[in-house]
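# Structural features, examined
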Amino acid sequence: MTDHNVTLHTEGNDASFPLIEGSVGPDVIDIRKLYAETGKFTYDPGFTSTASCQSAITFIDGDEGILLHRGYPIDQLAEQSTFMEVAYLLLHGDLPNRAELDDFTTTITRHTMVHEQLATFFRGFRRDAHPMAIMCGVVGALSSFYHDSTDITDPQQRLIASHRLIAKMPTIAAMAHKYSIGQPFLYPDNSLSYTGNFLRMTFGVPAEPYVVNPIIEKAMRRIFILHADHEQNASTSTVRLASSSGANPFACIAAGIACLWGPAHGGANEAALNMLREIGDVKNIPAYIARAKDKDDPFRLMGFGHRVYKNFDPRAKVMKATADEVLKELGKSDPVLDVAKELEHIALNDSYFIDKKLYPNVDFYSGVILNAIGFPTEMFTALFALARTVGWVAQWNEMIADPEQKIGRPRQLYVGATRRDYVPVDQR
Ligand code: CMC
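The following paragraphs examine the structure supplied in this document. (Residues numbered from 1 in each chain as written. Predicted model: local features only at pLDDT ≥ 70, side-chain atom pairs only at ≥ 80, totals over all residues. Heavy atoms only, no water.)

## Topic: the overall build of the protein chain
Selection rule: The way it works is that DSSP assigns letters per residue, a run of H or I at least four long becomes a helix, a run of E at least two long becomes a strand, and they are numbered from the N terminus. Based on C-alpha atoms, the radius of gyration is set beside the globule rule, defined as 2.2 Å times the residue count to the power 0.38. When a residue's accessible area, from a 1.4 Å probe over protein chains only, is under 20% of the maximum for its type it is buried; when over 50% it is exposed; and in between it is partly exposed. The criterion used for residue contact is that any of the two residues' heavy atoms lie within 4.5 Å. Under the convention used here, a 1.4 Å probe and the Shrake-Rupley method define accessible areas, while residue burial counts only the protein chains that appear.
When helices and strands are counted, the protein chain shows 18 helices and six strands. Taken over the C-alpha trace, the protein chain has a radius of gyration of 23 Å; the compact-globule value for 428 residues is 22 Å, and the two agree within 12%. The C-alpha extent of the protein chain, read off along each of the three principal axes, is 80 × 65 × 55 Å. Buried residues in the protein chain amount to 48% of all 428 residues. Intrachain contacts of the protein chain at a sequence separation of at least 6 include 69% that bridge at least 24 residues. Summing over all exposed atoms, the protein chain offers an accessible surface of approximately 21300 Å²; the carbon and sulfur share of this is 53%.

## Here we look at the pattern of salt bridges
This is how the line gets drawn: One side-chain nitrogen of Lys or Arg within 4 Å of one carboxyl oxygen of Asp or Glu is enough to make a salt bridge.
Using the criterion set out here, one finds 15 salt bridges in the structure. Measuring nitrogen to oxygen at the nearest pair gives 2.7 Å for the salt bridge that ties Arg240 to Glu398. Taken together, the positions of Arg240 in helix 10 (residues 234–243) and Glu398 in helix 18 (residues 380–401) put the pair 158 residues apart, joining distant regions of the chain. Using a relative accessible area of 18% as the deciding quantity, one classes Glu398 as buried. Notably, a salt bridge pairs Asp324 with Lys341, separated by 2.8 Å at the nearest N-O pair.

## Remarks on the side chain of Gln157
To keep things clear, this is the line we draw: Polar contact is defined as a pair of N or O atoms within 3.5 Å, subject to the rule that within protein one atom must be able to donate a hydrogen and the other to accept it, and that residues adjacent in sequence are counted only when both atoms are side-chain atoms.
Among the secondary structure elements, Gln157 is positioned in helix 7 (residues 155–181). Within polar-contact distance, the side chain of Gln157 engages the backbone nitrogen of Asp151 at 3.0 Å. Sequence-distant contacts of Gln157, defined by excluding residues within four places in its chain, comprise His147, Asp148, Ser149, Thr150 and Asp151.

Have a look at this one:
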């Protein structure tokens with residue numbers, strides 16, 4: 001993989017570092033020996049120029065608006081595959097054949113129930129707890145229920161933990177919703193698809209049968225696929241960093257959920273819908289655009305901009321089409337969708353957003369769809385966590401199997417006080 005070297009000139013000392021080529025995308029300069037050879041660190045807050053690992057799972061070209069999972073374009077997967085196929089693909093590297101898919105689907109389906117004691121665990125939360133608060137707690141607590149899949153040195157236990165996490169996440173997310181509205185928990189129904197089962201556990205009641213609407217099921221499947229993985233984003237990097245110490249998978253995924261909760265990351269879908277509701281009417285858009293452009297105003301257009309995509313977010317295109325489809329199916333016209341479309345139109349023609357390469361991201365339209373389906377706003381990020389669990393466990397497995405990985409331990413540029421002597425309190 002290493003073709004040539006890059007030379008760094010420092011005071012009186014030239015040091016040479018290997019340039020490593022990936023299969024596609026920018027080359028990386030291997031600076032692992034930088035400190036040993038020059039006595040210097042690099043400084044890169046937010047990791048804008050740092051590859052923290054090598055990975056064969058997801059590729060993004062932000063300038064071209066390309067997102068590939070194991071080489072397959074996201075729009076093809078969103079249109080043609082099932083969530084189980086994508087989960088298998090991310091975990092195992094190739095699309096499954098029929099027998100492999102059936103086997104995988106059966107395995108995931110058989111792990112959908114949670115330990116009965118978990119229902120009691122839920123009761124410790126306030127009814128008005130945010131579902132992400134519940135998800136952090138309950139997913140972390142899985143490590144106390146499933147001791148037989150926490151030995152990360154055993155590949156079989158890692159696989160079982162991965163299956164458990166993918167399978168139980170819809171059950172836990174649905175339970176978080178049911179708990180908040182005071183309805184009984186529903187056990188999974190293994191005759192339904194992954195998505196259909198989740199819809200039933202969320203919106204069904206034990207008193208009557210629940211019929212899955214195929215258009216809604218398709219929309220949810222697409223939303224899950226679009227959120228399944230996204231390379232080394234903040235929450236995935238959190239999962240990797242947490243697990244680099246050897247922590248168990250349930251604790252690491254709980255760490256990922258905590259990171260995802262923030263409004264700059266997974267919390268943006270909730271924030272975007274709240275913002276669209278606050279704007280309320282297309283006539284108010286110019287005032288909000290002006291606020292977004294005002295350097296002294298912390299307001300940002302939620303659902304706009306991305307660290308990597310600087311042309312368009314390919315997920316946003318599919319999401320916009322899905323929003324139209326779902327509203328048509330449900331026979332709903334949502335003024336929020338009109339505000340979203342007009343806001344997108346105005347922003348995309350405004351020099352501030354053009355110059356800064358700010359485009360709608362995956363979260364801009366997802367809230368409109370989830371709202372139309374009937375999810376409360378607080379559930380949006382929980383759904384993102386549910387889908388991203390597949391990416392998190394795939395990245396976690398890849399990391400543990402990678403012989404080059406070590407405990408994550410960044411260094412710092414220290415700018416605090418230099419050495420000084422302690423002064424007793426009455427002399428200060
Ligand atoms: N509205 C107005 N201005 C913005 C926005 C926005 N949404 N996003 C970035 N900018 C401006 C920002 O003020 C800065 O301007 P200047 O150079 O004059 O200081 C410039 O664009 C670059 O912004 P940045 O914060 O340095 O860029 P970043 O790569 O660190 O941040 C981001 C990326 C996604 C956190 C940011 O665009 C943002 O906060 N967007 C809104 C939240 C959002 O929608 N997040 C979901 C991301 S996609 C789903 C996910 O991955 O979780």
